[in-house]
Amino acid sequence: MKKIFLALIKFYQRTISPLTPPSCRYSPTCSNYTIQAIERFGALKGLLMGISRILRCHPFCKGGFDPVPDHFTLRRQKVVK
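Residues numbered from 1 in each chain as written. Predicted model: local features only at pLDDT ≥ 70, side-chain atom pairs only at ≥ 80, totals over all residues. Heavy atoms only, no water.

With an unreviewed UniProt entry as reference, the chain is termed Putative membrane protein insertion efficiency factor, source organism Facklamia miroungae. Note on the chain: under the UniProt heading Sequence similarities (unreviewed entry), the record states "Belongs to the UPF0161 family." Looking at the chain in UniProt, the text filed under Subcellular location (unreviewed entry) is "Cell membrane". (UniProt positions renumbered as here; feature names shortened; annotations may be inferred.)

Next up, the structure:
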C-alpha cells in the first residue's frame, strides 16, 4: 500500500501539479508533507496526516513552516522560535 500511495502522489506532482498555480500555504508543500509522513509512519497514518494537512491548507490559515512531527498527530506542530 505504501508504494502505491507514494506512486500516486509522485504522479500528481509530475503531471497535475505543474498545470495549476502554486497555492500551498505551508512549507514543505502538502504533497511533500504527505510523502514524508507516509515514509515515517506508514501508509495509513501517513495518509491521515496528509489529509489533515490538506484540510488545514485554506485561505484563512496563516501557513508557514510545518514539518512532519516526530510522533503521530493530526494537529499542526508548534515550532519553537
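Section: the packing of aromatic side chains
Enumeration according to the criterion identifies one aromatic pair in this entry. With a centroid separation of 6.4 Å and 70° between ring planes, the pair formed by Phe-41 and Phe-72 is classed as edge-to-face. A residue pair is termed long-range when its members are at least 10 positions apart, and Phe-41 in helix α2 (residues 30-41) and Phe-72 in the segment after β2 (64-65) qualify at 31 residues. For Phe-72, a relative accessible area of 32% translates into the label partly exposed. Seen from the ring of Phe-72, Lys-45 lies directly overhead, with NZ or CZ sitting 5.3 Å from the centre. Between the NZ or CZ atom of Arg-56 and the centre of the ring of Tyr-26, over which it lies, the distance is 6.0 Å. (Phe/Tyr/Trp six-rings, centres within 6.5 Å; stacked < 30°, edge-to-face > 60°. Helix = DSSP H or I, 4+ residues; strand = E, 2+ residues; numbered from the N terminus. Buried < 20%, exposed > 50% of the residue type's maximum accessible area, 1.4 Å probe, protein only. Lys NZ or Arg CZ within 6 Å of the ring centre and 35° of its normal.)

Brief notes about the environment of Gly-64
With respect to the secondary-structure elements, Gly-64 resides in strand β2. Residue classification places Gly-64 among the partly exposed residues on the basis of a relative accessible area of 32%. Along the primary structure Gly-64 and Arg-53 are separated by eleven residues, whereas in three dimensions their C-alpha atoms are 12 Å apart. Those residues in contact with Gly-64 that lie beyond four places of it in its chain are Arg-25, Tyr-26, Ser-27 and Arg-76. (Contact = heavy atoms within 4.5 Å.)

Let's talk about the packing of helix α1 (residues 2-16) against α2
The N-to-C vectors of α1 and α2 enclose an angle of 165°; their axes lie 10 Å apart at closest approach. Comparing their axes, α2 and α1 come out roughly antiparallel. Judged by the twist between their axes, the crossing of α1 over α2 is left-handed. The residues of α2 that touch α1, namely those facing Lys-2, Phe-5, Leu-6, Ile-9, Lys-10, Tyr-12 and Gln-13, are Ser-31, Asn-32, Thr-34, Ile-35, Ile-38 and Glu-39. Among the residues making up the contact of α1 with α2, the classes are represented as six nonpolar, four polar and three charged. (Axes fitted to C-alpha atoms, helices over the stretch in contact; angles between N-to-C directions. Parallel < 35°, antiparallel > 145°, perpendicular 65-115°, else oblique. Left-handed = near helix turned anticlockwise from the far one by under 90°. Nonpolar A, V, L, I, M, F, W, Y, C, P; charged D, E, K, R; others polar.)

What to know about the packing of α2 against helix α3 (residues 43-56)
Between α2 and α3, whose axes approach to 7 Å, the crossing angle comes to 155°. Relative to α3, the element α2 is oriented roughly antiparallel. Here the hand of the crossing between α2 and α3 comes out right-handed. In contact with Cys-30, Tyr-33, Thr-34, Ala-37, Ile-38 and Phe-41 of α2, α3 contributes Ala-43, Lys-45, Gly-46, Leu-47, Met-49, Gly-50, Arg-53, Ile-54 and Arg-56. In terms of residue class, the contact of α2 with α3 is made up of nine nonpolar, three polar and three charged.

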